[in-house]
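# Observations on the model geometry
If you want the building blocks of each chain, they are given just below.
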Amino acid sequence: MLILLEVFCRFPPIFFTDTPTNGLKLSALFTTCCLFIFGYFKSKVTGQPPISGAIKVTLVGLLAAGAAFGIAKFIS
């Protein structure tokens, strides 16, 4: 369910901004916020410290996105 919410938060900024670059920046910001929120609640449910868990999930997500972007840039 949270994945669907994250997808719906990520894509609309791309369609409703004046340039694709601005949409991508806004989408990245929303995605980062969603990762932090997801990590916070996941950590609360599993009994870990919520802030450190949220930061871990956010960093892992950002590293994965950066790796995917780098690989796509390398291939193209």
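### Some words on the overall build of the protein
The helix and strand tally for the protein stands at four helices and zero strands. Across the 76 residues that make up the protein, the buried fraction comes to 17%. Within the structure as shown, the protein displays about 5,900 Å² of accessible surface, and the carbon and sulfur contribution to it stands at 80%.

### Comments concerning the packing of aromatic side chains
Here a ring pair, both rings aromatic, is described through the centre-centre distance and the interplanar angle of the planes. Going through the model one piece at a time under the given rule, you end up with one aromatic pair. Where Tyr40 meets Phe41, the ring centres are 5.5 Å apart and the plane angle is 90°; that geometry is what we call edge-to-face. Judged by relative accessible area, Tyr40 falls into the partly exposed class, the value being 27%.

### Quick look at the packing of helix H3 (residues 20–46) against helix H4 (residues 50–75)
In contact at an axis separation of 7 Å, H3 and H4 are set at 135° when each is read in the N-to-C sense. Of the possible angle classes, the one that applies to H3 and H4 is oblique. For the pair H3 and H4, the crossing hand works out as right-handed. Every residue of H4 that contacts H3 at Thr32, Leu35, Phe36, Phe38, Gly39, Tyr40, Lys42, Ser43 and Lys44 is listed here: Pro50, Ile51, Gly53, Ala54, Ile55, Val57, Thr58, Gly61 and Leu62.

### Comments concerning the state of the cysteines
Summed over all chains, the structure comprises zero disulfides. Cys33 forms no disulfide, and the closest cysteine sulfur to it belongs to Cys34, at a distance of 7.0 Å.

### Considerations on the environment of Leu62
Inspection of the secondary structure assignment puts Leu62 in helix H4. For the pair Leu62 and Thr31, spaced 31 residues apart in sequence, the C-alpha separation works out to 9.1 Å. Ignoring sequence-local partners within four residues, the contact set of Leu62 consists of Thr32 and Leu35.

Rules behind the numbers
Residues numbered from 1 in each chain as written. Predicted model: local features only at pLDDT ≥ 70, side-chain atom pairs only at ≥ 80, totals over all residues. Heavy atoms only, no water. Helix = DSSP H or I, 4+ residues; strand = E, 2+ residues; numbered from the N terminus. Buried < 20%, exposed > 50% of the residue type's maximum accessible area, 1.4 Å probe, protein only. Areas by Shrake-Rupley, 256 points an atom, 1.4 Å probe, with all protein chains shown as cover. Phe/Tyr/Trp six-rings, centres within 6.5 Å; stacked < 30°, edge-to-face > 60°. Axes fitted to C-alpha atoms, helices over the stretch in contact; angles between N-to-C directions. Parallel < 35°, antiparallel > 145°, perpendicular 65-115°, else oblique. Left-handed = near helix turned anticlockwise from the far one by under 90°. Contact = heavy atoms within 4.5 Å. Disulfide = S-S within 2.5 Å.

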